[in-house]
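Chain residues, written in single-letter form:
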Amino acid sequence: MKSMNYIKVEFPSSSVNESFARNVAGCFAAQLDPTLEELGDIKTAVSEAVTNCIVHAYPDKLGVVLMKARILPENTLEIVVKDKGVGIADINKAREPMFTTGGDERSGMGFTIMESFMDKVKVRSTAGKGTTVTMRRRIICRKQVK
Amino acid sequence: MKVFCEKKNGRMRILLSGELDHNVARGVMSSIDALIDENLPRECILDMGGLSFMDSSGIAVILRTNKHMTDVGGRTWVENCEGQALRVLDAAGIDRVVKVYSK
Ligand SMILES: Nc1ncnc2c1ncn2[C@@H]1O[C@H](COP(=O)(O)OP(=O)(O)OP(=O)(O)O)[C@@H](O)[C@H]1O
Ligand SMILES: [Mg+2]
């Protein structure tokens, strides 16, 4: 059996790293031969998760963001975005559309977008300790044309 | 990320191009705010045809522009949205608040 590939990337919660993180995830996902639309979905979900670390987890300081990605069986991509920031007190409430603690600079649609673009989104969080978002997306296998 | 503006007969078209994410959203918002305050248009079109990427930060930009335009007695809508950016707007259901016209 082919061993499953993975990456781990760590970076400070500086907003210039948003595009870096989604592009790294997109490059890693490319080995699953996604369509442009699937690639766009993955990059968008990563952008949402990483931006949340930068905006909410570390509101007035720089902290560490860890992004992991790996290939699972059945052409599935898993992405984990983890911070050690303020945490989320009520996860169900946070996942509701339009719920935001970010004022009028945010729309409260980040989790809604992650949920609609990925097959599975799991959020684990402890107030004061940090948040881990785990997302999975199966990439449709297309027939190779030779 | 670039913000251009075309004006004709009380209608202002704001052309956004590049990647619209949190890193650039604040700058885009203040450019649009300044353009509205300076020109006081009756209609403000957000032309998203040039965007290669947009996340929820773009939704906040649209909602804020809509609010600002309502405050000055005008209207806003989105034009030329396609691909990834259109999927984001669809997932968020923004059409209920601001009209979105695709390419
Ligand atoms: N990593 C995190 N650390 C702490 N709080 C978080 C984190 N991620 C999300 N939250 C909380 O969950 C809320 C909802 O997040 P979501 O991404 O759905 O919306 P938003 O970030 O507020 O707005 P948008 O993503 O549309 O710009 C946030 O306002 C914040 O209170
Ligand atoms: Mg968010």
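By convention here, each chain's residues receive numbers from 1 onward along its written sequence. Here every chain gets a letter starting at A, and every ligand a number starting at 1, in the order they are written. Residue-level local features of this predicted model are given only where pLDDT is at least 70; pairs of side-chain atoms are given and counted only at 80 or more, and the full residue set underlies all totals for whole chains, interfaces and linings. To get the side-chain values, take all heavy atoms of the structure and skip hydrogens and water.

Novice: Explanation requested: the interface of chain B and chain A in the structure shown.
Specialist: For an interface, size is often stated in terms of accessible area lost upon the parts coming together. In what follows, a contact means two residues having at least one pair of non-hydrogen atoms within 4.5 Å. Listed by partner, the interface residues are 20 residues for chain B and 25 residues for chain A. Carbon and sulfur atoms make up 50% of the area that chain B and chain A hide from each other, which totals about 1800 Å². A quick way to say it: buried area is the sum, across both parts, of accessible area lost when two parts are put together, with a 1.4 Å probe. Of all residues in chain B, the largest losses of buried area upon contact with chain A belong to H22, S56 and R87 of chain B, amounting jointly to 31% of the total for that side. Salt-bridge detection follows one rule: a side-chain nitrogen of Lys or Arg within 4 Å of a carboxyl oxygen of Asp or Glu. Across the chain B-chain A interface, the total number found is five salt bridges. A salt bridge links R87 of chain B to E37 of chain A, with the shortest nitrogen-to-oxygen separation between them at 3.2 Å. Any N or O atom pair separated by 3.5 Å or less is treated as a polar contact, with the protein-specific requirement of one donor-capable and one acceptor-capable atom, and with residues adjacent in sequence counted only for side-chain atom pairs. At the surface where chain B touches chain A, the tally comes to twelve residue pairs in polar contact (both at pLDDT 80 or more).

Novice: What am I meant to see in the pattern of salt bridges here?
Specialist: Oppositely charged side chains can form a pair if their charged atoms are brought close together. For the structure on display, the rule yields 19 salt bridges over all chains. Residues joined in a network through salt bridges with shared partners are E37, D41 and R137 of chain A together with R87 of chain B.

Novice: Explain the nonpolar core here, please?
Specialist: The nonpolar side chains of a soluble globular protein tend to be buried, and buried together. Ranked by internal contacts, the top residues of the largest apolar core, which has 33 residues, are V78 and L89 of chain B. At the level of secondary structure, the elements contributing two or more residues to this core comprise α4 (110-117) of chain A together with β2 (11-20), α1 (22-39), β3 (43-54), α2 (56-71), β4 (75-81) and α3 (83-92) of chain B. The dominant element in this core, judged by the number of residues it contributes, is α1 of chain B, at six residues. Setting aside residues no more than four positions away along its own chain, V78 of chain B makes contact with L46, M48, I62, L89, V98, K99, V100 and Y101 of chain B. Grouped together as the second largest cluster of nonpolar side chains are 32 residues, L32, I42, V81 and M114 of chain A included. Definition of nonpolar core: a set of buried residues of the types Ala, Val, Leu, Ile, Met, Phe, Trp, Tyr and Cys, connected through side-chain atoms within 4.5 Å. A 1.4 Å probe rolled over the protein chains alone gives each residue an accessible area, and that area as a share of the maximum for its type sets the label: buried under 20%, exposed over 50%, partly exposed in between. Labels follow the DSSP assignment, with helices taken as runs of H or I lasting at least four residues and strands as runs of E lasting at least two, numbered in each case from the N terminus.

Novice: How do you make sense of the site of ligand 1 when you look at a structure like this?
Specialist: Residues and elements named next belong to chain A. Neighbouring ligand 1 are 20 residues, the closest being H56, T100, T101, R106 and S107. Measuring from an oxygen atom of ligand 1, one finds a side-chain N or O atom of H56 at 2.6 Å. About the coverage of ligand 1: the protein hides 96% of its 600 Å² of free accessible area. Taken together, the elements giving at least two residues each to the shell around ligand 1 come down to α2 (36-57) and α4. The element best represented in the shell around ligand 1 is α2, accounting for four residues. Note on residue classes: Ala, Val, Leu, Ile, Met, Phe, Trp, Tyr, Cys and Pro are nonpolar, Asp, Glu, Lys and Arg are charged, and everything else, Gly too, is polar. Split into classes, the residues belonging to the shell around ligand 1 amount to seven nonpolar, ten polar and three charged. We call a residue near a molecule or strand as soon as one heavy atom of that residue lies within 4 Å of the molecule or strand. Here the open area of atoms and residues is found with the Shrake-Rupley method and a 1.4 Å probe, where only the protein chains shown may cover a residue.

Novice: Would you take a moment to explain the sheet that holds β2 of chain B for this structure?
Specialist: Adjacent strands of a sheet form backbone hydrogen bonds with each other and so pair up, either parallel or antiparallel. All names here are of chain B. Pairing is mixed in the open sheet, where five strands are placed in the order β1-β2-β3-β4-β5. With partners counted over all chains shown, the strands left at the sheet margins are β1 (2-8) and β5 (100-102), one partner each. Taken pair by pair, the neighbouring strands of this sheet meet at an average axis angle of 20 degrees, ignoring direction. Interaxial angles span 0 to 180 degrees and are taken between N-to-C directions of axes, which are lines fitted to C-alpha atoms, for helices over the stretch in contact. Its contacts with the sheet place α1 against β1, β2 and β3, and it is angled at close to 170 degrees to β2. In short, DSSP must find at least two bridges between two strands for them to pair.

Novice: It is not clear to me how a positive patch on the surface should be interpreted in this structure. Could you clarify?
Specialist: Within the patch definition used here, like charges are joined within 9 Å and nonpolar side chains (Val, Leu, Ile, Met, Phe, Trp, Tyr) within 5 Å, considering only residues with over 30% relative accessible area and no salt bridge. For the charge count, each Lys or Arg is scored as positive and each Asp or Glu as negative, with His and the chain ends excluded. Charge placement uses NZ in Lys and CZ in Arg. For Asp and Glu, CG and CD serve respectively. On the surface, a cluster of positive charge is contributed by K8, K68, K82 and K84 of chain A. By the element assignment, K84 of chain A lies in the loop between β3 (76-83) and α3 (91-95).

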